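Observations on the three-dimensional arrangement
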Amino acid sequence: MAASAAARAVAWGVRGVLGARRVRAATPALPPPGPPGPRRPLSGPAAGPDTAAVLRERLRQHQVAGDSPGPQDEDPARGSLRRLALRLGGLLAATGGVAVLYIFGSNAVDEHGDKIPDEFDSDPAGIRHLRRTFKYFKDYRQMIIEPTSPKLLPDPLREPYYQPPYTLVIELTGVLLHPEWSLVTGWRFKKRPGIEHLLQQLAPLYEIVVFTSETGMTAFPLIDSIDPHGFVSYRLFRDATRYMDGHHVKDISCLNRDPARVVVVDWRRDSFRLQPYNGLALPRWDGGSEDRALYDLAAFLKTIALSGVEDVRTVLENYSLEDDPLAAFQRRRTRLEEEEQQRLAELAQGKKPTGAFLGSLTGRFWPRSKQQ
């Protein structure tokens, strides 16, 4: 027993020696240790700059791969649906383009269904359709920009019919009505105080035309509600305006009336920008029930008509720079009444009136130099 135990001990010792030799043979020789120096952190040059650069590059690649997955990460079913949708969209666009060219690029037809020749018949088939389509949309755009007709009103009445000597063009919303909105009633329009008085007083002297930038569908029933007696002679809507720089402009030259006898009343100066001295710009009505502007407007326009002004532009030019022309007119009328009272008082005392009171009624409301 003792001999066998000794033999096993010798065998384990031999195996340990052989294993140690194999380890030394596989391990590369290290340089001899130098003199001890100061310790450096592992992240410094001793750790190797190449290793840090490689780690940063791998981190960046992982981030890019996580943000934008490659085509292999895309769902094949979703990709096929996307391609199918693109093809269908392109097919519909092409079909729609061909249909537009065929519908708007064909010849117009008469009441018998026969084609009407035009200037594009001599062009090739595709070109003629393109040119006709372009002309159609150009004319449509021009129809929106330009008034519907060069003569928006019929010719003036002749004897034995009565034609008022002046024409009043007045805006609907902001001058005669005020739009209001609430959750309960929605949009409603409030009548300005004095509408009936204005229409009744001016109907014998002015041809009243309601010319609004609203559409006919909106404005027609509103005009019916404010004019039950039919004092308004004509009604013009948005399609009769000239569209310029984002504004609906009322071109007086298209009214078929003498511009010297036309007065435009609006709260937007841009509405009569083409004929600025034909317009009277009132402050926009805010819906107040104590407003008296229409009563003052009736007095102002009635004074012009009864004075027999030949050219209303010479009168309205005096009020073109006023923020509130009716207030300026009231100040002049008050001053005139005071002068008249003073003149009557001097006549009662037997004094000769001063020359300041000898002007005409028209000359006291606006300078005589503006009328010439």
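Residues numbered from 1 in each chain as written. Predicted model: local features only at pLDDT ≥ 70, side-chain atom pairs only at ≥ 80, totals over all residues. Heavy atoms only, no water.

Our working definition: UniProt positions are given in the numbering used here, feature names are shortened, and annotations may be inferred rather than shown by experiment.
The name that an unreviewed UniProt entry assigns to the protein is Mitochondrial import inner membrane translocase subunit TIM50, with the source organism given as Corvus moneduloides. Recorded under Function (unreviewed entry), the UniProt text for the protein is reproduced unchanged: "Essential component of the TIM23 complex, a complex that mediates the translocation of transit peptide-containing proteins across the mitochondrial inner membrane." In its Subunit (unreviewed entry) section, the UniProt record describing the protein reads: "Component of the TIM23 complex."

1. So, helix H5 (residues 195-202)
What counts, and what does not: We call a residue buried when its accessible area falls under 20% of the maximum for its residue type, exposed when it is over 50%, and partly exposed in between, using a 1.4 Å probe and counting protein chains only. Strands here are runs of E lasting at least two residues and helices are runs of H or I lasting at least four, both read from the DSSP assignment and numbered beginning at the N terminus. Directions pointing from the helix axis toward each C-beta atom define the arc. Contact between two residues is taken to exist if any of their heavy atoms lie within 4.5 Å; hydrogens are not considered.
Taken as a whole, H5 has its buried residues at Ile195, Leu198, Leu199 and Leu202. On an axial view of H5, the arc spanned by its buried residues comes to 90°, and they lie on one face. As for H5, its buried residues are in contact with strand E1 (166-170), strand E2 (177-182), strand E3 (186-191), strand E4 (206-211), helix H6 (216-226) and helix H7 (293-306).

2. Focus on the sheet that holds strand E5 (residues 234-236)
We apply this condition: Pairing between two strands requires that DSSP report at least two bridges joining them. Between the N-to-C directions of two axes lies an angle of 0 to 180 degrees, each axis being a line fitted to C-alpha atoms and, for a helix, fitted only over the stretch in contact.
Spatially, five strands are ordered E5-E4-E1-E8-E9 in an open sheet, and the strand pairing comes out parallel. Lying at the two open borders of the sheet, with one neighbouring strand each, are E5 and strand E9 (279-281). The average undirected angle you get between the axes of adjacent strands in this sheet is 20°. Relative to E4, E1 runs parallel, the two sharing five bridges. Bridge pairing in E4 links Thr167 to Glu207.

3. Some thoughts on the layout of surface pockets
For clarity, the cut-off: Put plainly, a pocket is an open set of points on a 1 Å grid over the protein atoms alone with protein on both sides within 12 Å along at least five of seven lines, a cavity is a set where a 1.4 Å probe fits but cannot get out, and a lining residue has an atom within 4 Å of a point. Grid points are joined across faces, edges and corners, and a volume is the space filled by probe spheres set on the points. Ten residue types, Ala, Val, Leu, Ile, Met, Phe, Trp, Tyr, Cys and Pro, are classed as nonpolar, four, Asp, Glu, Lys and Arg, as charged, and the remainder, Gly among them, as polar.
By volume, the largest pocket amounts to about 190 Å³. Lining the largest pocket are 13 residues, with Ser106, Ala108, Arg132, Lys135 and Tyr136 sitting closest to its centre. Counting only elements with at least two residues in the lining of the largest pocket, the list comes to helix H3 (76-104) and helix H4 (125-145). A per-element tally of the lining of the largest pocket places H4 first, with four residues. Its residues placed into classes, the lining of the largest pocket shows seven nonpolar, two polar and four charged.

4. What about the UniProt feature "transmembrane region" (unreviewed entry) in the protein?
In the numbering used here, UniProt assigns the "transmembrane region" (unreviewed entry) feature to residues 84-105. In residues 84-105, helix accounts for 95% and strand for 0%; the two terminal C-alpha atoms are 31 Å from one another.

5. Concerning the pairing of E4
Stated precisely, the cut-off is as follows: Crossover handedness is defined by viewing with both strands directed away from the observer: a clockwise path from the first strand over the helix to the second marks the crossover as right-handed.
The buried count for E4 comes to six of six residues, which makes it a mostly enclosed element. Relative to E5, E4 runs parallel, the two being bridged by three bridges. Directly across from Val209, in E5, lies its bridge partner Tyr234. For the segment spanning E4, H6 and E5, crossover handedness is right-handed.

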